[in-house]
Amino acid sequence: MNGKKLDNSIGLIIFILGLLVFGGVSLEAAITVKVTGQIANSPSLIFDGKMVPDKTSWDSDTCVSWEIASVQFLFDLGAVLDIKDIVVQLDTNDGYYIDYSEDGKNFKNLLRKSSEDGDIREGMNTFSTISGTPKYIDKMDFKPVKARYIMVYADPKDGDGCYSIAEFKYITEATIKENK
Ligand SMILES: [Ca+2]
Ligand SMILES: [Ca+2]
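Asks: Account for the overall build of the protein chain, naming residues and giving values.
Replies: If you tally the helices and strands in the protein chain, you get one helix and 13 strands. Counted from the first residue to the last, the protein chain has its helices and strands arranged as β-β-β-β-β-β-β-β-β-β-β-β-β-α. The buried share of the protein chain, taken over its 180 residues, is 29%. Contacts spanning at least 24 positions in sequence make up 74% of the contacts within the protein chain whose residues lie at least 6 apart.

Asks: Go over the pairing of strand β12 (residues 145–154), please, and point to the residues and values.
Replies: Note that strand β8 (residues 72–91) and β12 share eight bridges and pair antiparallel. Within β12, the residue paired with F75 across the bridge is I150. Across six bridges, the pairing between strand β9 (residues 96–101) and β12 is antiparallel. Residue D99 lies in a different strand from β12, and its bridge partner there is M151.

Asks: Explain the environment of Y153 to me, and be specific about the residues and the numbers.
Replies: Within the element layout of this structure, Y153 appears in strand β12. The class for Y153 is partly exposed, based on 19 C-beta atoms found within 10 Å. For the pair Y153 and T36, spaced 117 residues apart in sequence, the C-alpha to C-alpha distance is 10.0 Å.

Asks: Any chance you could break down the nonpolar core for me, citing the residues and the numbers?
Replies: In terms of nonpolar packing, the biggest core is built from 35 residues, with C63, F75, I150 and I165 touching the most fellow members. For this core, the secondary-structure elements that each account for two or more residues are β5 (31–36), β6 (39–40), β7 (64–66), β8, β9, β11 (124–128), β12 and β13 (163–172). Residue contacts for F75: discarding those within four places in its chain leaves I31, V33, Y149, I150 and F168.

Asks: Please provide a residue-by-residue account of the pairing of strand β10 (residues 108–113), values included.
Replies: Examined bridge by bridge, β9 and β10 share five bridges and lie antiparallel to one another. Each bridged residue has a counterpart across the sheet, and for Y97 the counterpart in β10 is R112. The turn joining β9 and β10, which pair antiparallel and follow one another in sequence, is formed by six residues; a positive phi near 85° is taken by G104.

Asks: Pulling in residues and values, what's your account of the environment of I39?
Replies: Within the secondary structure layout, I39 lies in strand β6. In sequence terms I39 and Y163 are 124 residues apart; their C-alpha atoms lie 9.7 Å from each other.

Asks: Provide a residue-level description of unusual backbone geometry, including the pertinent values.
Replies: Both trends apply: most residues other than glycine have a negative phi, and most peptide bonds are in trans. Look at N41: it is not a glycine, yet its phi comes out positive at around 80°. Counting through the fold element by element, N41 comes out in the loop between β6 and β7. One non-glycine residue, K55, lies in positive phi territory at about 80°. Inspection of the secondary structure puts K55 in the loop between β6 and β7.

Here is what the cut-offs are and how they apply
- Residues numbered from 1 in each chain as written.
- Chains lettered and ligands numbered in written order.
- Predicted model: local features only at pLDDT ≥ 70, side-chain atom pairs only at ≥ 80, totals over all residues.
- Helix = DSSP H or I, 4+ residues; strand = E, 2+ residues; numbered from the N terminus.
- Buried ≥ 20, exposed ≤ 12 C-beta atoms within 10 Å, placed from the backbone.
- Contact = placed C-beta atoms within 7 Å.
- Pairing = 2+ DSSP bridges.
- Core = buried A, V, L, I, M, F, W, Y, C linked by C-beta atoms within 7 Å.

Okay, structure coming up:
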């Protein structure tokens, strides 16, 4: 495997990341990423705003990759937000679950990406729930939810055992207003 291993013996890595802007007001709401299990490369890559070209290799230095299906990523968005849509870059030939929670304890499934979803069969791919965009996947779309916590993990029964995530974006009502 390429890239340096982050051997987190206590099972937790926490990264505080950048600023979020919502509703036109800048708040120092930090996104925290907590990782359970062993991964390659820094989890900060998931929220660095940089997408990778589709078809990028799953173990590229620009991706956060792992090989044990029990690895979990827990994103704390810093506040309960109205999540309308997401855009996520994942290794296309695996299944992944994305769950959400308001309190960090009670999680519900937001969506599942199967190994069959997407327009390419190898490498990193972009999956969007924003209808009308080229990477929109109808069956992954969801009704808006209130969430502060997002959990991402692989489906151990669907994929080749080589998993990867390169970017996660979420769209709120405030994001939509800003872009008008
Ligand atoms: Ca990235
Ligand atoms: Ca894979």
